[in-house]
Amino acid sequence: MSVRKPNLGTIHHQILDLLKANPDGLTIYEIRDGIPDIGVQQHLDKRVRDLRYYHDIPLIKRGKTSVYIYKGERSDAAADSGAISAKVRAVVLHKAHGRCQMCGRTVAEDGIKLQVDHKIPRNWGGTTTIDNLWALCQPCNGGKRDFFASFNDEQMKVIMAKESVYERIAETLKLHAGTPTPAWLLEFVANADDWQEDWQKRLRELRYPAIGMKIRATRKKNEAGRWEAAYILDEWKDLPSNHKFLIKEHERLIREGKRKGVDENGDD
Ligand SMILES: [Zn+2]
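Because the structure is predicted, anything quoted here is derived from the model rather than measured.

J.: Explain the nonpolar core to me, and be specific about the residues and the numbers.
T.: Membership of the largest hydrophobic core comes to 39 residues, with the highest contact counts inside it found for I169 and L185. If you list the elements that add at least two residues to this core, you get strand 6 (133-137), helix 6 (138-149), helix 7 (153-160), helix 8 (165-175), helix 9 (183-190), helix 10 (199-206) and strand 9 (227-235). Among the elements that take part in this core, helix 9 stands out by supplying 7 residues, more than any other. Counting the residues that make up this core, at least three belong to each of domain 2 (86-149) and domain 3 (153-259). In this structure L185 touches W124, F147, F148, F151, T172 and H176, once residues within four positions along its chain are discounted. Counting 16 residues, the second largest nonpolar core, distinct from the first, contains L16, L44, I57 and L59.

Put into structure tokens, the structure is as follows:
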């Protein structure tokens with residue numbers, strides 16, 4: 001899911017042609033191999049995300065890798081009015097199995113009513129697509145709306161559009177530094193692109209000494225009066241531009257340390 005309306009250039013169209021020519025899907029590396037003079041990979045990732053604003057290109061797990069598969073144009077790309085069709089609403093409610101996807105209470109046992117809601121609000125760039133919709137009970141939906149109203153929409157739009165999942169998580173935690181940020185919000189911002197991101201692992205990685213964020217797990221009473229998991233950022237340094245490399249490097253050193261029988265230090 002892309003969060004802003006991107007302009008498409010030559011490389012976008014080359015990617016699109018490649019995907020259309022390979023209906024079984026391509027890994028990001030195969031896409032890169034198919035495009036001459038492409039440069040660094042993160043730009044390619046971003047271009048695929050741009051394309052997803054207009055086209056349905058899910059990332060599907062295949063064995064140990066993931067492939068992008070071209071499924072066609074997105075019918076909702078032209079004009080996202082935010083209106084949820086009866087059909088989409090029915091799909092979302094069916095997937096929820098009568099359960100609020102935030103607090104877990106059910107229609108059958110707790111007598112709640114479910115409302116279909118945008119996970120990432122439209123004014124943060126969220127789209128009206130099934131992967132950005134969920135079913136919430138009225139107290140959770142109302143509480144979420146109140147909580148989100150305390151954010152600066154423009155600021156959130158900037159955070160949501162950041163390429164690096166680490167930046168999105170770090171920036172969101174900084175907005176609430178010293179106070180609890182609900183876990184579900186971190187999950188949201190981590191998954192701005194795909195609903196497959198292992199956000200808890202990303203959070204652990206931000207705690208590596210090379211990155212130096214001091215993040216503490218806690219609980220917070222939400223607007224609906226229920227306890228929920230949350231995280232507090234106590235200390236941080238600016239995220240270095242090579243943070244992805246530093247994280248990989250830290251993991252490599254830990255692995256080598258383990259092989260040598262050295263203690264694993266500072267991993268948590
Ligand atoms: Zn609920």
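J.: Please set out the coordination of the zinc ion residue by residue, giving values where relevant.
T.: Only C100 (SG), C103 (SG), C137 (SG) and C140 (SG) from the protein coordinate the zinc ion, and they sit 2.3 Å from it. Each of the 4 donor atoms around the zinc ion contributes to a set of angles spanning 104 to 117°, which defines the coordination as tetrahedral.

Quick notes on the rules
Residues numbered from 1 in each chain as written. Predicted model: local features only at pLDDT ≥ 70, side-chain atom pairs only at ≥ 80, totals over all residues. Heavy atoms only, no water. Core = buried A, V, L, I, M, F, W, Y, C linked by side-chain atoms within 4.5 Å. Buried < 20%, exposed > 50% of the residue type's maximum accessible area, 1.4 Å probe, protein only. Helix = DSSP H or I, 4+ residues; strand = E, 2+ residues; numbered from the N terminus. Domains from an automatic or database assignment. Contact = heavy atoms within 4.5 Å. Donors = N, O, S within 2.8 Å, 3.2 Å for Na, K, Ca; no water. Tetrahedral: all angles 85-135°; square planar, octahedral: opposite > 155°, others 65-115°.

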